[in-house]
Amino acid sequence: MADAKVIPFDDDRSRARRRPGRPEEPSGAGPAAVRALPGAAREAAAAVPEPDEPVEAPARASDWERRLAGGLAFLRRRVTGEYEVDEFGFDAELTDQVLMSLLRPLYEKYFRVEVKGVENIPEKGGALIVANHSGTLPLDGLMMQVAVHDHHPAGRHLRLLAADLVFVLPVVNELARKAGHTLACAEDAERLLRAGEVVGVMPEGFKGIGKPFSERYKLQRFGRGGFVSTALRAGVPIVPCSIVGAEEIYPMIGNAKTLARLLGLPYMPVTPTFPWLGPLGMLPLPTKWTIQFGEPIATDSYPPEAAEDPMLMFNLTDQVREQIQHTLYKLLVQRRSVFF
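Every chain's residues receive numbers from 1 upward, in the order its sequence appears when written. For a predicted model such as this one, the threshold for reporting local features is a pLDDT of at least 70, and the threshold for listing and counting side-chain atom pairs is 80 or more; totals across whole chains, interfaces and linings nevertheless cover every residue. Derived side-chain values reflect all non-hydrogen atoms in the structure, with water molecules and hydrogen atoms excluded from consideration.

Participant: What's the story with the overall build of the protein in this structure? I'm lost.
Facilitator: Put simply, DSSP H or I for four residues or longer makes a helix, DSSP E for two residues or longer makes a strand, and each gets a number counted from the N terminus. The helix and strand inventory of the protein stands at eleven helices and nine strands. Residue burial is assigned from relative accessible area. The probe radius is 1.4 Å, only protein chains are included, and a residue is buried under 20% of its type maximum, exposed over 50%, and partly exposed in between. Looking at the protein residue by residue over its 340 residues, the buried ones come to 38%. Counting contacts in the protein only where the partners sit at least 6 residues apart, residues at least 24 apart contribute 75% of the total. Using the Shrake-Rupley algorithm and a 1.4 Å probe, accessible areas are obtained, with residue cover drawn only from the displayed protein chains. When the accessible surface of the protein is summed, it comes to about 20100 Å², and 60% of that surface belongs to carbon and sulfur atoms. Contact definition: two residues touch when any of their heavy atoms are within 4.5 Å.

Right, here's the structure in full:
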């Protein structure tokens, strides 16, 4: 067997990397050889990088790799418990990365929500958003939450005040807490507002969401004006909000009251598709939505005792209700179709 030829580590031949199409330099071609070439040839030779010169290549990770890394980091924090929730159970990271991602296709593709006046919500500090309520199921509150989160310049979170029924339902209770919802009581609302949060309330309650289709877009009674008293005590603006499109997702043509009482529900809707089509009848109609946030009504100019003035509360409640109702009629006139 012939003896193997040993090449020293410092031999140039062991490190040479020829590029395709590049002629091999003659032995001994170094700086002295380059200086010996004519002027034009010398400049061209000097511009060519040395064989050992590293070639820069972009080291940017692809989009899916970044998403995968972010997803794995999110799962690690979930498993190890390295995430935070506030005193109400609100999980901002879970809401941003999971819950909003699940609601966004419904918001963007199915209901094709158009948002107006979102700049009327303050960029910082507390604010109380008061909206109409409709649709048999409370999807309007969730769509309003996505609208504030995705379209507000500061990307604020909307903390919705929900009925006590939400917090006795399994699974729904936990998800509602994680999404930032809390019980619709004056104490919780005031604490959130004083902490600088954007709070959403729908004063019509079950009277609005469970009204028959024949009374669509007719605001029900706003209760005793408790939301106005809360805003006055916290000194935050009230932002009226009008939602068009939710009334038609489940046209309620009847109410099985006896069954509702047996199940402990405020109403049992009968629609053109439910219960006749079974589970398929629970699919909402793909209506076109518009959510408009109106001009804020300031409350910080009132004295602290104004929250105890029933006449002032009545006047402010009526002002908010009339502004929402007027905007609803305006949006309905501008609407081309229920579905487009």
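Participant: What's the story with the pattern of salt bridges in this structure? I'm lost.
Facilitator: When the charged atoms of two side chains with opposite charge come close together, those side chains can pair. Put simply, a salt bridge is a Lys or Arg side-chain nitrogen that is within 4 Å of an Asp or Glu carboxyl oxygen. With the rule as written, the count across this model stands at 15 salt bridges. Salt-bridge contacts for Arg66 lead to Asp63; the nearest nitrogen and oxygen are separated by 3.4 Å. Here Arg66 pairs with Asp63, and both are found in helix α3 (residues 63-80), just three residues apart, close to one helical turn. The exposure class of Asp63 is partly exposed, given its relative accessible area of 39%. The closest approach of N and O atoms between Arg104 and Asp150, which form a salt bridge, is 2.7 Å. Of the two residues, Arg104 is situated in helix α4 (residues 92-110) and Asp150 in helix α5 (residues 139-151); the sequence distance between them amounts to 46 residues. For Arg104, a relative accessible area of 21% puts it in the partly exposed group.

Participant: Which parts of the structure should I look at to understand the sheet that holds strand β6 (residues 238-244)?
Facilitator: Paired through backbone hydrogen bonds, the strands of a sheet run either parallel or antiparallel to each other. For two strands to be treated as a pair, DSSP must find at least two bridges joining them. With mixed pairing, the seven strands of this open sheet are ordered in space as β1-β9-β6-β2-β5-β3-β4. For this open sheet the edge positions go to β1 (114-116) and β4 (182-183), each flanked by a neighbour on one side alone. Two elements, strand β2 (residues 127-131) and strand β5 (residues 198-201), share four bridges in a ladder whose sense is parallel. Paired with Ile129 across the two strands is Gly200, which belongs to β5. For helices, the fitted line uses only the C-alpha atoms of the stretch in contact; every axis is such a line through C-alpha atoms, and the angle between N-to-C directions lies from 0 to 180 degrees. Across the sheet, helix α9 (residues 226-234) lies against β2, β5 and β6, angled at about 165° from β2, the strand it touches most. Its contacts with the sheet put helix α11 (residues 310-334) on β1, β2, β6 and β9 (290-293), and the angle it makes with β6 is roughly 30°.

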